[in-house]
2 protein chains.
Amino acid sequence: MLLLLHRPVVLGLQQACRLRMTPSRLCIRACSTNDSLQPQHPSPSFSDNSSTRRWKAMGTLLGLGAVLAYHDHRCRAAQESPRMYTKEEVSSHNSPETGIWVTLGCEVFDVTEFVDLHPGGPSKLMLAAGGPLEPFWALYAAHNQPHVCELLTKYKIGELNPEDNVSPTLETSDPYAGDPKRHPALKVNSQRPFNAEPPPELLTESYITPNPIFFIRNHLPVPNLDPDTYRLHVAGAPGYQSLCLSLDDLYKFPKHEITVTLQCAGNRRSEMTQIKEVKGLEWRTGAISTAHWAGARLCEVLAQAGHQLSDTEAQVCFEGLDSDPTGTAYGASIPLTRALDPEAEVLLAYEMNGQPLPRDHGFPVRVVVPGVVGARHVKWLGRVSVEGEESYSHWQRRDYKGFCPSVDWDTVDFDSAPSIQELPVQSAITEPQAGDTIESGDVTVKGYAWSGGGRAVIRVDVSLDGGLTWQAAELDEEEQRPRKAWAWRLWQLQAPVPAGQKELNIICKAVDDSYNVQPDTVAPIWNLRGVLSNAWHRVHVHVAP
Amino acid sequence: MLLLLHRPVVLGLQQACRLRMTPSRLCIRACSTNDSLQPQHPSPSFSDNSSTRRWKAMGTLLGLGAVLAYHDHRCRAAQESPRMYTKEEVSSHNSPETGIWVTLGCEVFDVTEFVDLHPGGPSKLMLAAGGPLEPFWALYAAHNQPHVCELLTKYKIGELNPEDNVSPTLETSDPYAGDPKRHPALKVNSQRPFNAEPPPELLTESYITPNPIFFIRNHLPVPNLDPDTYRLHVAGAPGYQSLCLSLDDLYKFPKHEITVTLQCAGNRRSEMTQIKEVKGLEWRTGAISTAHWAGARLCEVLAQAGHQLSDTEAQVCFEGLDSDPTGTAYGASIPLTRALDPEAEVLLAYEMNGQPLPRDHGFPVRVVVPGVVGARHVKWLGRVSVEGEESYSHWQRRDYKGFCPSVDWDTVDFDSAPSIQELPVQSAITEPQAGDTIESGDVTVKGYAWSGGGRAVIRVDVSLDGGLTWQAAELDEEEQRPRKAWAWRLWQLQAPVPAGQKELNIICKAVDDSYNVQPDTVAPIWNLRGVLSNAWHRVHVHVAP
């Protein structure tokens, strides 16, 4: 086991570009250095690209050194006879009341006493309560240092039952049995299909969301596609042949790279549910993430298939290779004007943060439509065609549309509203969280802000008094290209807690470069599908006496 | 005088394309058929283009016939000896308390009894109270019919003192002495420089705003430019010669026509003033109007001067020929990316609604930047250049920017905010008006909605109960091209007044095709210049018992 833990690190370094791995490999690789190539905890990434690269390099080195040191430590520990625990026992210790246990490899630690001393804050450590530390250490490589491991040994209480390391048998009759393993930090809104979001405290830890915690919005089981036999079919224009592109064919198009934020139309739906019931998953503030994508430009692929802008009403329809038991695939469309506009930078992406797309994010190829709702970024892309009208997919015509609050399921006419493409300006607070108790003195408020259509966020206003007074937050310094601000801005505000306050009603609202703002309240934008929930984000916290 | 009234009609028909006229000619032409080429009162223009054309043709014929009939009538009336009034006496009769007098030609009428019988509603007739009818009849040609003139004779009480027809002597030392005469329906916010808006009840009477009541936003005196000697200077790109274009040179570029709504950044500022004082003119809901513009495409003129998109940060700077006593001209700039994008349709316009530009609107050439704040549509255009940064004009760098509500004149840093270009989604109610008493039964609510950047308005929600419940309004059917919805949509809602209500709090809010919405309230978007006032529009009315 010790060797197993050690070897994959080296293997992982050698094979960082390998495309697929078994679930058990994934589990072990989570603590290797591949996934630690991310900005480090706890510093927020208000940094330029070169310093981000420095962090990445340092994280890689530290990660390897730390694991070697840890190996030595564990060899010593193995000489004693430890008390054994089952995974169930560990997972039941996940709160201050029960005690807080975590595992690292096969070792079990009771960190109840340490939680309040955690340099990154108790809430971050609590994410791992009752489970393994590896997935979190993999994201935040600062942990992979000898002094951290040394510190941890103080809290060791025993080891995991060896049988508990066996993966559960997969139910082969379950269409979701082939779904990949997911990172335990994800907050799951639905298991089948799998839909999950990163917790707020991790979401804005870095400008680029690490792949393992990028929000996942699946409509169907994840297809298991062989990159060698994968083909993308692109219907040809009249007089042109259709294309049948292998991955290698796609690689031959110029590789285009852009940083793009994806947001689900249902992000923050849970706030609409509080007004009145809606149909949809209970997304909190995490159905949004940012990645650096690389792939072929859709406009160049379409041009090769003979398409040009003849009809301004024409649409480009996408079909996924995921399908339901009746064989119906996921589908969506975008206007041809956007698809052919090189400035719109629509991608057929095959890389996400320098890695092949993870299976949950569309391996081997997905569409990325900068500035547009996530629903159009079709994953596991199988087919592209140019049509006279929108995709006939349910998700294009009978979902992902906004309506007047008075429209209900008896009166809705889906044809009366345009399908959502560009999204409105959005922002949310990720720190502190609702119900937190903050110290008196200064409070640090953090969050994200983004707008659709390439519109840059130019300001975020924060109120500590329920909207009576406002202060402009400090925005990160990530580059915003004119008309192509495809990615979010992280922001923070440090401000004194008004003296004598026992509680704060913290609010944020963003402004984009068309000076569009967020609406004050949720009820007037309520709609039966609970989409487009972009009212001011409000967080109520207590102030420690 | 009778002949004078008659002849200009014929002259007007013959010389509809003449560029300039003296004030007295303008005054008389106001009741000729040229300006009556507009959709008619009282039907709102929920009509296609062909029916609009039919109205125009009918208006022309009716206008001529009516004036001839009226000529006969006046010849008979002249045989009696009428009582004489001064203009001052007439203008003092402008309310139900004083009696309501109006004039037509040299005749004076007491229409106090008729106001409530006016088919277009009392409020429309009251616009002319104490003054001449001609400017209003010119806009709404339905009045130019024999039965209307016949009806009016019943209310005749005398004639205007002949001396009162002399134009007041112009103060030659006054820099504003050369400003053109304006339509009396305009609500004046500032005389020097002249700033005025159409009253709400006229604003949405027609999709295209008639030139005489199009809102006027001047920063300086109106220059008096000779079309024969006018030249537009366009600085050449490195290695290219600069252009010096006469009007005829501009006419040689392909003529491009588009319908575009212009809105001042200060529209609805008066609602911000109610929260806290701001610096700026007290615009109500009328600093917005729509015209059909024609001119040369800026991108083609720039291309002829050798400009191309090399630097994405570059700006196109415009300089007006209006200037203050120190010689400082009005100036503004837009990004070169927009200027060179043929899809953005930026115009050097020389026609407005089929006429040469009126002097107040930039005669002979102005910029029209679809989807962008009015301040960049530089009038009386003298110079165009491509620069590495924005115009150094006060109006580009020290005005027309938005700030957090906490920023005041002591703390403002104008460099910290981007200049306003695209405007956010906007809507307002034009009927009924605040304080009106409406009948129980059904209420008709009318208004406009528009968004910047070519984003189409897709829905307007109306509430009759202060925002608790909402109904979607009916939108006009004017064409909205994808990504090029440059013009507003008029809308209306007919709904039953809830039984037993003594008052209604009517609200409207619009949604654009990026699903951006208007904020609920004004205070959180308040800013020291009072710009970008786009909160829900609220109108409180009483219900007749």
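None of the values given here were measured: they were computed from a predicted structure.

Any chance you could explain the overall build of chain A here in plain terms?
Each helix and strand in chain A was counted, giving 13 helices and 27 strands. For chain A, long-range pairs separated by at least 24 residues make up 72% of all intrachain contacts whose partners lie at least 6 apart in sequence. Looking at chain A as shown, the accessible area adds up to about 22,600 Å², and 53% of this sits on carbon and sulfur atoms.

Help me out: how do you make sense of the nonpolar core in this one?
Nonpolar side chains in soluble globular proteins generally cluster together in the buried interior. With 73 residues, the main nonpolar core has B:L298 and B:L381 as its most contacted residues. A:V346, A:V378, A:W526 and B:W470 belong to the second-largest nonpolar core, a separate cluster that totals 72 residues.

Please clarify how the interface of chain A and chain B should be interpreted in this entry.
In many analyses, interface size is given as the accessible surface area lost on bringing the parts together. Listed per partner, the contact involves 43 residues of chain A and 43 residues of chain B. Taken as a group, A:R483, A:Y515 and A:N516 account for 21% of the area that chain A buries against chain B, more than any other trio of residues on that side. A salt bridge links A:R483 to B:D341; the shortest N-O distance between them is 3.7 Å. Of all the secondary-structure elements, those providing two or more residues to the side of chain A that touches chain B are α12 (336–340), β22 (457–463), β23 (471–472) and β26 (503–512) of chain A. Ranked by the residues each element gives to the side of chain A that touches chain B, the list is headed by β22(A), at three residues.

Teacher, can you tell me more about the relation of the copies chain A and chain B here?
Superposition of the two copies of the chain requires a rotation about an axis together with a shift along that axis. Take chain A, turn it by 180°, move it 0.0 Å along the axis, and it overlays chain B with an RMSD of 0.1 Å. Within this description, the copies of the chain are treated as partners about a two-fold rotation axis. Nearest to the rotation axis, the C-alpha of A:P519 is located 2.0 Å from it, this being the minimum over chain A. Looking at chain A, 100% of its interface residues are interface residues in chain B too, so the copies touch through the same face.

Would you mind going over the pairing of strand β12 (residues 288–297) of chain B with me for this structure?
A regular strand places its side chains on the two faces of the sheet in alternate fashion. All names here are of chain B. With respect to burial, β12 is a largely interior element, nine of its ten residues being buried. Of the pairings in the sheet, the one linking strand β11 (residues 255–263) to β12 comprises nine bridges and is antiparallel in character. Paired with E257 across the bridge in β12 is A294. Examined bridge by bridge, β12 and strand β15 (residues 347–352) share five bridges and lie antiparallel to one another. What sits directly across from W293, in β15, is M352.

Quick question: what am I supposed to make of the environment of A:S533 here?
Residue and element names in this part refer to chain A. Tracing the chain through its elements places S533 in the loop between β26 and β27 (537–543). According to the relative accessible area criterion, S533 is buried, its value standing at 2%. With 266 residues separating them in the primary sequence, S533 and N267 have C-alpha atoms 6.7 Å apart. Here S533 is in contact with A265, N267, R268, R269, E271, M272, Q426 and I525, once residues within four sequence places are set aside.

Just to check I follow, could you spell out the environment of B:G331 for this structure?
All names here are of chain B. Relative to the helices and strands, G331 is located in strand β14 (residues 329–335). Along the primary structure G331 and Q396 are separated by 65 residues, whereas in three dimensions their C-alpha atoms are 7.2 Å apart. Residues within four places of G331 in sequence aside, it is in contact with F318, E319, S391, S393, W395 and Q396.

Could you clarify how one ought to interpret the packing of aromatic side chains in this entry?
Residue and element names in this part refer to chain B. All told, the structure shown has 22 aromatic pairs over all chains when counted by the stated rule. On the numbers, 5.7 Å between centres and 45° between planes, the contact of F114 with Y155 is tilted. Remark: Y155 occurs in the loop between α7 (146–153) and β5 (156–160) and F114 occurs in the loop between β4 (107–110) and α5 (122–126); sequence separation between them is 41 residues. Grouping residues by exposure puts F114 and Y155 together as buried. Ring geometry for Y448 against W488: centres 5.5 Å apart, planes inclined by 25°, an arrangement best described as stacked. A residue pair is termed long-range when its members are at least 10 positions apart, and Y448 in strand β21 (residues 442–450) and W488 in the loop between β24 (474–475) and β25 (489–496) qualify at 40 residues. Note on Y448: relative accessible area 0%, which makes it buried.

Before we go on, may I ask you to explain the pattern of salt bridges in this structure?
Oppositely charged side chains can pair when the atoms bearing their charge come close. All chains considered together, the criterion is met by 44 salt bridges over all chains. For A:K509, the salt bridge goes to A:D461, with nearest N and O atoms at 2.8 Å. Taken together, the positions of A:K509 in strand β26 and A:D461 in strand β22 put the pair 48 residues apart, joining distant regions of the chain. Relative accessible area serves as the criterion here: at 0%, A:D461 is assigned to the buried category. Note that B:R459 and B:D461 form a salt bridge whose closest N and O atoms lie 2.8 Å from each other. Looking at B:R459, the relative accessible area reads 13%, which means it is buried. The structure contains a network of salt bridges with shared partners spanning A:R338, A:E422, A:R455 and A:D512.

What's the story with the sheet that holds strand β7 (residues 195–197) of chain B in this structure? I'm lost.
Within a sheet, adjacent strands bond to each other through the backbone by hydrogen bonds, running parallel or antiparallel. All names here are of chain B. In space, the three strands of this open sheet follow the order β6-β7-β8, with antiparallel pairing throughout. At either margin of the open sheet sits one strand with a lone partner, and together these are β6 (187–190) and β8 (216–217). Where β7 and β8 come together, two bridges link them in antiparallel fashion. Bridge assignment links A196 to a residue of β8, and that residue is I216.

Any chance you could explain helix α7 (residues 146–153) of chain A here in plain terms?
One turn of the α-helix equals 3.6 residues, which is why residues spaced by three or four share an orientation. Residue and element names in this part refer to chain A. Those residues of α7 lying buried are V148, C149 and L152. Looking straight down α7, one finds its buried side chains confined to an arc of 95°; they lie on one side. In α7, the exposed positions that point more than 90 degrees away from the buried face belong to H147 and E150.

Can you help me understand the pairing of strand β25 (residues 489–496) of chain A in this one?
All names here are of chain A. Judged by how many residues are buried, β25 sits mostly within the fold: six of eight residues are covered. Pairing of strand β21 (residues 442–450) with β25 involves eight bridges; the strand directions are antiparallel. The partner of A449 across the bridge, within β25, is R489. In this structure, strand β24 (residues 474–475) lies alongside β25, joined through two bridges in antiparallel fashion.

Sorry, what's going on with the sheet that holds β5(B) here?
Residues and elements named next belong to chain B. If you walk across this open sheet you meet the five strands as β1-β5-β4-β3-β2, and the pairing is mixed. Here the strands that pair on one side only, and so sit at the sheet edges, are β1 (84–85) and β2 (94–95). Where β1 and β5 come together, two bridges link them in parallel fashion. Note on β5: the bridge partner recorded for M84 is E159.

For this particular structure, what's the right way to read the side chain of B:Q518?
Note on placement: B:Q518 falls in the loop between β26 (503–512) and β27 (537–543). Polar side-chain contacts of B:Q518 include one of 2.5 Å to the side chain of B:S427. Within the structure, the side chain of B:Q518 is placed 3.3 Å from the backbone oxygen of B:A535, a separation counted as a polar contact. Leaving out residues up to four positions away in the same chain, B:Q518 has contacts with A:P519, B:R268, B:V425, B:Q426, B:S427, B:K509, B:A510, B:N534, B:A535 and B:W536.

For this particular structure, what's the right way to read the environment of B:W409?
All names here are of chain B. Relative to the helices and strands, W409 is located in the loop between α13 (394–397) and β19 (426–431). Distance from W409 to V278, taken between C-alpha atoms, is 9.9 Å for residues 131 residues apart in sequence. Apart from residues no more than four positions distant in its own chain, W409 is found in contact with K279, F414, L528 and R529.

Just to check I follow, could you spell out unusual backbone geometry for this structure?
What you tend to see is this: most non-glycine residues have negative phi, and most peptide bonds are trans. Put simply, A:E431 and A:P432 share a cis peptide bond, and its omega is -5°. As for its position among the elements, A:P432 is in the loop between β19 (426–431) and β20 (437–438). In this structure, B:N353 is a non-glycine residue whose phi angle is positive, near 55°. Structurally, B:N353 is set in the loop between β15 and β16 (355–356). Even without glycine at this site, B:L532 takes up a positive phi of about 60°.

Would you mind going over the confidence of the model for chain A with me for this structure?
Segments scoring low in pLDDT should not have their predicted coordinates read at a detailed level. The predicted model of chain A averages 85 in pLDDT, with 83% of residues at 70 or higher. Low pLDDT, under 50, characterises residues 1–78 of chain A; the predicted model gives this stretch 119 contacts beyond four residues in sequence or across chains.

The rules behind each value
What you see as residue numbers is a count from 1 along each chain, following the sequence as written. For naming, the first written chain is A and the first written ligand is 1, with later ones following in the order written. Given that the model is predicted, a residue must reach a pLDDT of at least 70 before its local features are reported, and side-chain atom pairs must reach 80 or more before they are shown or counted; all residues, however, enter totals for whole chains, interfaces and linings. Working from all heavy atoms in the structure, the side-chain values ignore hydrogens and water. For helices the rule is a DSSP run of H or I covering at least 4 residues; for strands it is a run of E covering at least 2, with both sets numbered from the N terminus onward. Should any heavy atoms of two residues lie within 4.5 Å, those residues are considered in contact. Using a 1.4 Å probe, the Shrake-Rupley method yields the accessible areas, and only the shown protein chains count as cover for residues. The set of buried Ala, Val, Leu, Ile, Met, Phe, Trp, Tyr and Cys residues whose side-chain atoms join them within 4.5 Å is what this entry labels a nonpolar core. Think of it in three bands: residues with accessible area under 20% of the maximum for their type are buried, residues over 50% are exposed, and the middle band is partly exposed, with areas taken using a 1.4 Å probe on protein chains only. Defined in terms of a 1.4 Å probe, buried area is the accessible area two parts forfeit on being brought together, summed over both. Salt-bridge detection follows one rule: a side-chain nitrogen of Lys or Arg within 4 Å of a carboxyl oxygen of Asp or Glu. Superposing the copies works by least squares over the C-alpha atoms of residues that have pLDDT at least 70 in both of them. A pair of strands is labelled paired if DSSP reports no fewer than 2 bridges between them. Two rings from Phe, Tyr or Trp (for Trp, the six-membered ring) form a pair when their centres sit within 6.5 Å of each other. Planes less than 30 degrees apart are called stacked, planes more than 60 degrees apart edge-to-face, and all others tilted. Note: the arc covers the axis-to-C-beta directions of the helix. Whenever two N or O atoms come within 3.5 Å, that pair is a polar contact, provided that in protein one can donate a hydrogen and the other can accept it, and provided that, for residues adjacent in sequence, both atoms are side-chain atoms. Every residue is assigned a pLDDT by the predictor, reflecting its confidence on a scale from 0 to 100.

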